[in-house]
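Here are the chains, one letter per residue:
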Amino acid sequence: MRFSDLLDAPVTTESGQVLGRVHDLRAELTTRTLKITGLVVGPTGFLERFGIGAPEAGARIRTRDVIPWSDIVRADSREVVVRDEATKRQ
């Protein structure tokens, strides 16, 4: 799967709560590859992608609208489903 397959996919919880759409991802560089750590979702995630509300580049890296990859139950080009508990941690 490629990130472009997930871009703009709707994001819901297991119980059906709509969280928004996938706007970006978070990853960390390992010695051989990038490891996905989370997906940026929701309306403020969309604004963050363009740097709105973040005066410095480092300030753009927020965690408020990032769903940790470990909380993803299913991800495909049609939708991303996350654990219900993921919304309680934000």
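Relevant structure appears above.
In this text, all values refer to a predicted model and were calculated from it rather than measured experimentally. (Residues numbered from 1 in each chain as written. Predicted model: local features only at pLDDT ≥ 70, side-chain atom pairs only at ≥ 80, totals over all residues. Heavy atoms only, no water.)

Where strand β1 (residues 10–13) lies against strand β2 (residues 18–29), 3 bridges are found, and the strand directions are antiparallel. Across the sheet, the residue bridging to T12 is V18, located in β2. Between β1 and β2, which pair antiparallel one after the other, the connecting turn spans 4 residues, and G16 there sits at a positive phi close to 100°. Strand direction decides the pairing type here: β1 and strand β6 (residues 80–82), joined by 3 bridges, are parallel. Its bridge partner lying in β6, T12 is registered against V81. (Pairing = 2+ DSSP bridges. Helix = DSSP H or I, 4+ residues; strand = E, 2+ residues; numbered from the N terminus.)

Spatial ordering of the open sheet is given by β4-β3-β2-β1-β6-β5, a layout of 6 strands whose pairing is mixed. The sheet is open, and its two borders are formed by β4 (66–68) and β5 (72–75), each paired with just one other strand. Pairwise comparison of adjacent strand axes, ignoring direction, gives a mean angle of 40° for this sheet. (Axes fitted to C-alpha atoms, helices over the stretch in contact; angles between N-to-C directions.)

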